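# An overview of the molecular structure
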Amino acid sequence: MANLTEAHGPTDRSRDVSQPLERLGPDETLKANSDQLRGGIVLSLLDRITGAVSESDIKLMKFQGIYQQDDRDICDERRRQKLEPAYQFMVRVRLAGGVCSSEQWLKLDELARAYGGETLRITTRQTFQFHWILKRDLKSTIQGLHEALLDTIAACGDDARGVMCSVNPSLSALHARVYALATQASDHAIPRMPAYHEIWYDKQRVAGSDPEEPFYGKTYMPRKFKIGYVIPPTNDIDVYTQDLGFIAIGGPDGLEGFNIVIGGGMGRTDQAHATYPRLADLIGFVRADKTMAVIDAVMSVQRDFGDRLDRSRARFKYTIDDKGLDWIKAEIEARLGFPLQAARPYEFTSNGDTFGWTRGEDGRHHYTLFVESGRLDNRPGRTLLDALREVASLHRGWMRLTPNQNLMITNVAARDRTEIDAILEAHGLSSANHQSGLRLNAIACVALPTCGLAMAEAERYLPAFTSKLEAILTAHGLQAEPITLRLSGCPNGCSRPYIAEIGLTGRAPGKYNLYLGGGFHGQRLNKMDLENAGETAILERLEAIIAHYAEDRLAGEPFGDFAIRAGYVPEVRAGRDFNT
Ligand code: SRM
Ligand code: SF4
């Protein structure tokens, strides 16, 4: 990330003096002493006695997009048998804007079948995750990705994560410009990481040629940092949940620039009231040619002033609330060397996807396929993984992953449409998009059995829960209503549940907090309505509100707005008020 350093100098020179290095938290010390993220990873991978890596290497490998996990479905049984947990790894690909070629798709498919339990997962930030990869297969997986010009650098860790970008079903010229900038932002913000090339590609370490990372230094960011580009009127990337969001403003001559929003984030911890979800604030407008400079300025402010003592409050949203938005904005402008212009008008109308065939400005065709919870696998009667392998073999174009965990097959020639339809039909997918408005707008995080932080089911529970709620909606004539439902297995909020009209976050097996009143296009936080409740209580509560909604809603009134107007939950105006 050399450009940032040119603009702002090395990290230690500008770091907030109130946080001297010797008083930093343990994760900061680990990063600082990790030999630029090498740690003992090479040795950990060679150790055949265990399927795991060392505790410190687990943390360092996150910066390289790799998480150690174990199969939680069988952990009790293995403990009883005095066996070590069934260790395996999650590998997250870096894929700006969720775009990959057919050739890349075929390689991802091949690796998933060889090492990843014959499944791939589309994430809520538009990339692929492999699960179930054994330690001995990690290197082959990463090298296989490299053959397809893909990597996993900074897909996790305290750095700039995968950059999101709207998927516009008509793929306009404006969209092409914005997507190009999102890709540039991803390349710009990615840390220079020689350790990755040495560990995974067997590159020789060159003596004396290894200075610390020019922007991130030894201690990287205080916490993860998320960037996204959105093109109104869709808010598919949920721009207000990004640390730094760019809202594209078009004009008669194409892209004029971006409104800038800062300080979004979902994660919180139950019982820890100092943690809360927060929506990003709009701070102004910049011309399109200034977006990399904005990334430099905003990230360096968080790098230098983010909390490095308490990781639970190390995200940018807390830096903003602690220092004050005006102070942060002034600091950003000082680093930019010019003031931001006044924000331009814009409007969002939804954060969902448009399904089926659409035709773009250039006459090419695009197909959006509903993929429940983003899970790509083969099941009896519905062989999705096989279908997409056939599509990728036929269609030498591009595939796009949406922020709602769905899939777009893009730039299809008119003559190939029939063949793609036939492939989908042959694999049991011809009616995949024929779903209720609720199901088409539902997202669930991975949760059990792989996520180590899950307290309850999410992905595996979503289909059954949705069916039960659908029955209630159908009874009230609301089966087509596009209500947003987000399910997370814990309060971290990986499905962005705190902006959903109906949000559920796991508390314990079978128990969830129920949140209501989020904005239909991601513009408002919701509010807790039931705490630690089981399915029966949740469905009873929702049935009562849905019946009232069917009777008394105003024309076009979204369910979340109704929940507030009818007094079921109060409106939350600021993240700080979320827990009160
Ligand atoms: Fe997430 C941690 C999965 C998007 C907030 N997230 C995790 C881990 C890595 C668990 C862990 O730390 O051990 C999960 C791995 C589960 C597994 O088995 O795969 C995990 N997060 C995911 C994914 C795969 C959910 C999904 O089903 O798609 C998403 C991957 C995105 C990607 O491609 O990069 C994912 N996570 C998000 C989002 C949504 C977003 O960014 O748009 C959020 C909320 C936004 C935010 O960051 O505030 C999110 N994940 C978290 C947090 C809470 C962070 C916080 O500030 O408190 C954690 C826990 C942590 O970092 O300590 C977490
Ligand atoms: Fe895991 Fe919690 Fe994220 Fe779900 S929300 S993937 S349970 S960390």
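Here we summarise the structure given alongside this text. Just so you know, these numbers come straight off a predicted model, no measurement behind them. (Residues numbered from 1 in each chain as written. Chains lettered and ligands numbered in written order. Predicted model: local features only at pLDDT ≥ 70, side-chain atom pairs only at ≥ 80, totals over all residues. Heavy atoms only, no water.)

## A short note on the nonpolar core
The biggest cluster of nonpolar side chains holds 98 residues, and the ones touching the most others in it are Trp200 and Tyr229. In terms of residue count, helix H11 (residues 291-305) provides more of this core than any other element does, 8 residues in total. Residues Cys445, Leu478, Leu516 and Tyr549 belong to the second largest nonpolar core, which totals 36 residues. (Core = buried A, V, L, I, M, F, W, Y, C linked by side-chain atoms within 4.5 Å. Buried < 20%, exposed > 50% of the residue type's maximum accessible area, 1.4 Å probe, protein only. Helix = DSSP H or I, 4+ residues; strand = E, 2+ residues; numbered from the N terminus.)

## Considering the packing of helix H7 (residues 102-115) against helix H14 (residues 384-394)
Packing of H7 against H14 leaves a shortest axis separation of 9 Å and a crossing angle of 150°. The crossing of H7 and H14 is left-handed. Every residue of H14 that contacts H7 at Ser102, Trp105, Leu106, Asp109 and Arg113 is listed here: Leu385, Asp386, Leu388, Arg389, Ala392 and Ser393. Taken together, the residues of the contact of H7 with H14 break down into 5 nonpolar, 2 polar and 4 charged. (Axes fitted to C-alpha atoms, helices over the stretch in contact; angles between N-to-C directions. Left-handed = near helix turned anticlockwise from the far one by under 90°. Contact = heavy atoms within 4.5 Å. Nonpolar A, V, L, I, M, F, W, Y, C, P; charged D, E, K, R; others polar.)

## Section: unusual backbone geometry
Here Pro232 and Pro233 are connected by a cis peptide whose omega angle stands at 15°. Within the secondary structure, Pro233 sits in the loop between strand S7 (227-230) and strand S8 (244-251). Although it is not a glycine, Glu118 adopts a positive phi angle of roughly 55°. Within the fold, Glu118 resides in the loop between H7 and strand S4 (120-122). For Glu118, a relative accessible area of 47% translates into the label partly exposed. Even without being glycine, Asn532 reaches a positive phi, approximately 55°.

## Focus: the sheet that holds strand S22 (residues 527-533)
Ordered by their spatial adjacency, 5 strands build an open sheet running S18-S19-S20-S21-S22, and the pairing between neighbours is mixed. A strand with exactly one partner marks an edge of an open sheet, and here the two such strands are strand S18 (442-444) and S22. Strand after strand, the sheet turns through a mean of 15° between neighbouring axes, direction not considered. Inspection of the sheet shows strand S20 (residues 502-508) paired to strand S21 (residues 511-516) by 6 bridges, in the antiparallel sense. Paired with Gly503 across the two strands is Tyr515, which belongs to S21. Contacts between helix H17 (residues 462-475) and the sheet are confined to S18, strand S19 (485-488) and S20, with S19 contributing the most and set at about 145° to the helix. Packed on one face of the sheet, helix H18 (residues 535-552) meets S20, S21 and S22 and runs near 150° to S22. (Pairing = 2+ DSSP bridges.)

## What to know about the coordination of the iron atom of ligand 1
Among protein residues, the single donor to the iron atom of ligand 1 is Cys494 (SG), with a metal-donor distance of 2.3 Å. As for its placement among the helices and strands, Cys494 is situated in the loop between S19 and S20. (Donors = N, O, S within 2.8 Å, 3.2 Å for Na, K, Ca; no water.)

## Some details on the sheet that holds strand S16 (residues 398-401)
Spatial ordering of the open sheet is given by S3-S16-S17-S12-S11, a layout of 5 strands whose pairing is antiparallel. In this open sheet, the two strands that pair with only one neighbour each are strand S3 (99-101) and strand S11 (356-359). Neighbour-to-neighbour, the strand axes of this sheet turn through a mean angle of 25°, independent of strand direction. The sheet contacts of H7 involve S3, S16 and strand S17 (407-412), and relative to S3 the element is tilted by about 90°.

## Points about the site of ligand 2
The environment of ligand 2 is formed by Cys445, Ala447, Cys451, Leu453, Ala454, Ser488, Gly489, Cys490, Asn492, Gly493 and Cys494. Residue composition of the shell around ligand 2, grouped by class: 7 nonpolar, 4 polar and no charged. (Near = heavy atom within 4 Å.)

## A word on the environment of Ala533
For Ala533, the location among the structural elements is in strand S22. In this structure Ala533 comes out as buried when scored by relative accessible area, which is 7%. If we ignore the near neighbours within four places in the chain, the residues touching Ala533 are Gly510, Lys511, Tyr512 and Ile538.

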